[in-house]
Amino acid sequence: MQNNINTYKIIAENALDPIFVTDTHGLIRFANRAAEKVFGYRVDEFIGQAVHGMLHHSHPDGTHFSAEECVLVQSYASGVAVEDVVQQFVRKDGGFITVSCSLTPVAQDGQAIGHVLFVRDISKRAEAEQARLANERRFRVLTDAMPQMVWMLAPDGSIMFVNARFREYFGELGAGDDPISPIHPDDAQGNREALEEALRTGTEYRIEHRARRRDGIYRWFLSHAVPLRDEAGNVSAWYGTSTDIDDIRRASEVLRKSRETLRLATEAANLGLWDYYPQSGKLVWSESGKRLFGLPPDARLTFERFLELVDPDDRQRVQAMTLEAAQGSGGRLDLQFRAAGADGRLRWFRVYGKSIADPAGTLVRFIGITMDITETKLAEQRIRDASQRDALTGLPNRALLFEYCTHLLAIAQRTRSSGALLFIDLDRFKPINDTHGHDVGDVVLRQVAKRLLDCTRQEDIVGRLGGDEFVVALPHPDDTYGPATVARNIIRRISEPYYIGDLQLQLSPSVGISLYPAHGDTLDALIKCADAAMYEAKKTGPGRYHFYAPAEDDGSERVQLIERRLREALDNDDLMLHYQPVLDLESGSPAGVEALLRLPLPGHEPLLPDEFMPVAEAAGLVTRLGEWVAREACRQHQAWREAGLPSMSIAINVAPQQFRQRSFVAQLAESVRRSGMDPSCLQIELKESTVLEDVPDTIASLQELRSFGIRVALDDFGIGYSSIGLLSTLPIDKLKIDQSFVNGIGHDAKSQTITDTVLALGRSLHLEVVGEGIESEEVFDYLRDQGCDQAQGYFLSRPLSAEAFEHWYRDTYTPEQVLH
Ligand code: C2E
Ligand code: MG
Ligand code: MG
């Protein structure tokens, strides 16, 4: 027995958990080593102490209690065992440990002899439990703060947890409930299937559905859940959220509907919507917009690509107007243009747009609509035609004539070209009307209109002013097609007999001619002059034509005289060239001469080009004059060479009409070849305005000239509109600064600035610069000092006859120089 007791004692001594044995008074009689280790007292310090007095302290939740309330004390008193009572005990060092105690009364021979107290240190477990509780609290606080509904499902799909927001929405739906219960009956099945699928496969779950709020209203939600897996990879729970997307869905539905409405409305109205972002160059078009231009729905557009769609005639205008409207915010665009439509044919479009800028004023967006206005345009055209055309002959009436001619006059002004207007009145028309009736008169007028059209070119305008009065405008008269020639043709054609039924009728026209710009620069003025000239023609008999002559200075006679003299001089080789020396400013010796045309007038000083060139232009004689000048200049050049003068350049002036002749270059080359002169000695002078017309053709002609070695100068430079960009592409050799600027040197700052600019331009484009019209030493010195290459003007020499030039040259330059 003693042996047994010793064995138990050894076991108790070495047990891993503290064990105490107390007597019936609760005083410790035995404590093991684990008790020493856990509580920090030595065994002898335990012996004789009451357990509860020495160790116990409180409940794990921190509530204190008196010794009487202690379960252990009650157990000692009642003799009833207690099991797994959790308490906080105090260690010797004052620290707490959480323990679980079991107290068992011990009896011997039916007599209570004391208690055995088993204690287990559960501090670690308690800490883990604390941490779990804290986590759970944090999770709750966090999920309750979320605007979404948060929920957790068990692996079998039943609800484990819902947050406050969830309860607020759906009412009390607690642990174990079916999560599908608030879902709209129409969506429930789909939802259940999706959930089951997710539970089965353990994959994420996301679905939009309607669910009933606690107020009974169904709203749209987005529910989303992800599985939580334990270390072994098994799903231990589902974490999910449900977001109320009802407002978003409603808003996007409204947006979709309004987009649809806009789309249907624009389709119905045949409108294209566009949106342009200048910074990225992105241009977005609605499908209906693309359809207007026959583009596929997936076509990508940029502003440049759009411009390519626009008819070349309108392109520049469209680009300029768009760029202008794009300047800053609020810029509005309203423009009409032609472009190939869906059927590939040219159609009319109208674009409205508005630019939008950011607060800093930078343009960020340009938005607008495009519509096809072809039908409107055609209708307008029909109305205009009806109101602007003569109902009887179909010819333009006075109003349309004005419209056309205003346009032509603007072009003529810009290109400094000339034109002619013919006023035609029928002689003996009234008797036809009176004798044969208006019907016959009408047929005659219709035939007259037709014959007038036969006598004119496409670009000419034939109109009827009323009664038996017609007008023909010739925008481009030339040598073979001058106003007099056209007048003669008209007189011949209109005077041919008219056959109407059995009738053969005869009439003739009287034609009055006025010239632009000599007789006026408005259509009114030109019609008035031509009308007056027509009366003069009538005076001389039926079937005549007459050029207008202003009554005051009897200019008509002078114009006629000049025209006659010009023809005579051309026929009899009776024209004359004067030569003005051009000085090389670096060497100080003559670089060449400019040939200037003179029209000898018996008994008078020869006429100057300013007076006879406009008449020559109007009479269509310019080309013949030009050919004569080229021949004569080349011949003279060779004659000087033969007379021993050094090789100098000779410049001739070329009028625009002459330059534009197809045969110009060939004829000039032929004159050079015949004379035997060195082509590089020949220069042609063209006015700036001449080269600005038909630039590609001009460049081609200039290149051809230069391929023969002939050099090219731009005359009267500075008054035109040549851009530097254009200038740099032109194959030219020289700039002649316009006299008006040269004359202004020393008088006005603007002239000086322009002169300086032309000099700088010449230097940078490697062109020679000539100062012409130099009348004073001051101007001469200035130009020389500024690095001008050549000089010409009365200060050096007036234009001289060929003979006088030869004398001047020999007098001014030493024989040695002459020999070189
Ligand atoms: P342009 O080619 O600029 O010729 C220079 C004109 O200025 C010449 O007038 C010349 O006499 C004049 N001039 C020269 N130095 C001075 C000066 O110091 N002061 C002033 N005030 N004038 C000076 P011109 O001979 O009366 O010729 C006038 C224009 O007629 C020429 O201007 C040229 O454009 C044109 N022209 C002359 N000959 C011909 C020709 O053969 N064919 C063509 N198509 N045009 C010609
Ligand atoms: Mg000239
Ligand atoms: Mg000039």
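Located above this text is the structure these notes cover.
Since this is a predicted model, take the numbers as computed values, not measurements.

Quick look at the site of ligand 1
Reasoning step 1: Near ligand 1 there are 23 residues, and of these K687, D715, Q739, E775 and Y794 occur at the shortest range.
Reasoning step 2: Within the backbone of L597, an N or O atom sits 3.1 Å from a nitrogen atom of ligand 1.
Reasoning step 3: Contact with the protein chains removes 87% of the 790 Å² of surface that ligand 1 exposes when unbound.
Reasoning step 4: If one sorts the elements of the shell around ligand 1 by residue count, strand β26 (residues 590-598) sits on top with 4 residues.
Reasoning step 5: Its residues assigned to classes, the shell around ligand 1 comprises 9 nonpolar, 5 polar and 9 charged.

Comments concerning the coordination of the magnesium ion (ligand 2)
Reasoning step 1: In the first shell of the magnesium ion (ligand 2), the protein supplies E594 (OE), N653 (OD1), E685 (OE) and D715 (OD), at 2.0 to 2.2 Å from the metal.
Reasoning step 2: The sequence motif formed by the donor residues of the magnesium ion (ligand 2) is E-x58-N-x31-E-x29-D.
Reasoning step 3: Distance-wise, the magnesium ion (ligand 3) is placed 4.1 Å from the magnesium ion (ligand 2), both being coordinated by D715. In this pair, E594 is assigned in strand β26 and N653 in strand β27 (residues 649-653), connecting sequence segments 59 residues apart.
Reasoning step 4: Judged by its relative accessible area of 28%, N653 is partly exposed.

What about the coordination of the magnesium ion (ligand 3)?
Reasoning step 1: Of the protein atoms, only D715 (OD), D716 (OD) and E772 (OE) coordinate the magnesium ion (ligand 3), at distances of 2.0 to 2.4 Å.
Reasoning step 2: In the primary structure, the donors to the magnesium ion (ligand 3) are separated according to the pattern D-D-x55-E.

Describing the nonpolar core
Reasoning step 1: One finds I652, L668, L682, I684, L705, I732 and F805 to be the most contacted residues of the largest nonpolar core, which totals 81 residues.
Reasoning step 2: Ranked by residues supplied to this core, first place goes to helix α21 (residues 622-642) with 8 residues.
Reasoning step 3: Among residues more than four places away in sequence, those in contact with L668 are A630, I652, L682, I684, L705 and I710.
Reasoning step 4: Judged by nonpolar contacts, the second largest core, of 35 residues, contains V486, I494, I500 and L507.

As for the pairing of β27
Reasoning step 1: Summarising burial for β27: 4 of the 5 residues are buried, a large majority.
Reasoning step 2: The pairing of β26 with β27 spans 4 bridges and is parallel. When the sheet's bridge partners are listed, G592 is paired in β27 with S649.
Reasoning step 3: Two strands pair when backbone bridges link them, and β27 and strand β28 (residues 682-687) are joined in this way by 4 bridges, in the parallel orientation. Among the inter-strand pairings, I650 is bridged to a residue of β28, identified as L682.

Observations concerning helix α12 (residues 312-325)
Reasoning step 1: Across its 14 residues, α12 extends 20 Å between first and last C-alpha, which sits within 8% of the 20 Å expected from 1.5 Å per residue.
Reasoning step 2: All of the buried residues along α12 are D314, V318, T322 and A325. For α12, the arc enclosing every buried residue in end-on projection is 65°, short of the 170-degree limit, so these residues lie on one face. Looking at α12, the residues exposed on the side facing more than 90 degrees away from the buried face are P312, Q316 and E324.
Reasoning step 3: In the core, the buried residues of α12 are packed alongside α11 (303-309), β15 (332-340), β16 (346-357) and β17 (363-372).

Some words on the environment of T456
Reasoning step 1: Positionally, T456 belongs in the loop between α16 (438-455) and β19 (461-466).
Reasoning step 2: Considering only alpha carbons, one finds T456 and C529, 73 residues apart in sequence, at a separation of 21 Å.
Reasoning step 3: There is a polar contact of 3.0 Å between the side chain of T456 and the backbone oxygen of L452.

Observations concerning the pattern of salt bridges
Reasoning step 1: For the structure on display, the rule yields 57 salt bridges.
Reasoning step 2: A salt bridge links K538 to D427; the nearest nitrogen and oxygen atoms lie 2.6 Å apart. Here the residue K538 occupies a position in helix α18 (residues 523-539), and D427 occupies one in strand β18 (residues 419-427), the gap between them amounting to 111 residues.
Reasoning step 3: Its salt-bridge partner being R493, residue D454 comes within 3.2 Å of it at the nearest N-O pair. Here D454 is found in helix α16, whereas its partner R493 is found in helix α17 (residues 483-494), with 39 residues between them in sequence.

Remarks on the packing of aromatic side chains
Reasoning step 1: Applying the stated criterion across every chain yields a total of 27 aromatic pairs.
Reasoning step 2: Residues F170 and F221 carry aromatic rings whose centres are separated by 5.5 Å and whose planes lie at 55° to one another, so their mutual orientation is tilted. With a gap of 51 residues between them, F170 in helix α7 (residues 164-170) and F221 in strand β10 (residues 218-229) connect regions that are remote in the sequence. An identical accessibility class is assigned to F170 and F221; each is buried.
Reasoning step 3: Summarising the aromatic geometry, the rings of F306 and F337 are spaced 5.7 Å apart at their centres and angled 85° between planes, so their arrangement reads as edge-to-face.

Quick notes on the pairing of β15
Reasoning step 1: Residues L333, L335, F337 and A339 point to one face of β15 and are all buried, whereas R332, D334, Q336, R338 and A340, pointing to the other face, are not buried.
Reasoning step 2: Taken together, β15 and the strand that follows it, β16, pair antiparallel across an intervening segment of 5 residues, in which G344 is found at a positive phi of about 85°.

Describing the sheet that holds strand β13 (residues 282-285)
Reasoning step 1: Taken together, the 6 strands give an open sheet; going across it, the order is β14-β13-β12-β17-β16-β15, and neighbouring strands pair in antiparallel fashion. One side of each edge strand has no neighbouring strand; the edge strands of this open sheet are β14 (301-302) and β15.
Reasoning step 2: Across 9 bridges, the pairing between β15 and β16 is antiparallel. Within the sheet, the bridge partner assigned to R338 lies in β16 and is W348.
Reasoning step 3: Packing of helix α13 (residues 374-388) onto the sheet brings it into contact with β15, β16 and β17, and relative to β16 it is tilted by some 120°.

Cut-offs and rules
Residues numbered from 1 in each chain as written. Chains lettered and ligands numbered in written order. Predicted model: local features only at pLDDT ≥ 70, side-chain atom pairs only at ≥ 80, totals over all residues. Heavy atoms only, no water. Near = heavy atom within 4 Å. Polar contact = N/O pair within 3.5 Å; in protein donor to acceptor, adjacent residues only side chain to side chain. Areas by Shrake-Rupley, 256 points an atom, 1.4 Å probe, with all protein chains shown as cover. Helix = DSSP H or I, 4+ residues; strand = E, 2+ residues; numbered from the N terminus. Nonpolar A, V, L, I, M, F, W, Y, C, P; charged D, E, K, R; others polar. Donors = N, O, S within 2.8 Å, 3.2 Å for Na, K, Ca; no water. Buried < 20%, exposed > 50% of the residue type's maximum accessible area, 1.4 Å probe, protein only. Core = buried A, V, L, I, M, F, W, Y, C linked by side-chain atoms within 4.5 Å. Contact = heavy atoms within 4.5 Å. Pairing = 2+ DSSP bridges. Expected span 1.5 Å × (residues − 1). Arc of directions from axis to C-beta. Salt bridge = Lys/Arg side-chain N within 4 Å of Asp/Glu carboxyl O. Phe/Tyr/Trp six-rings, centres within 6.5 Å; stacked < 30°, edge-to-face > 60°. Axes fitted to C-alpha atoms, helices over the stretch in contact; angles between N-to-C directions.

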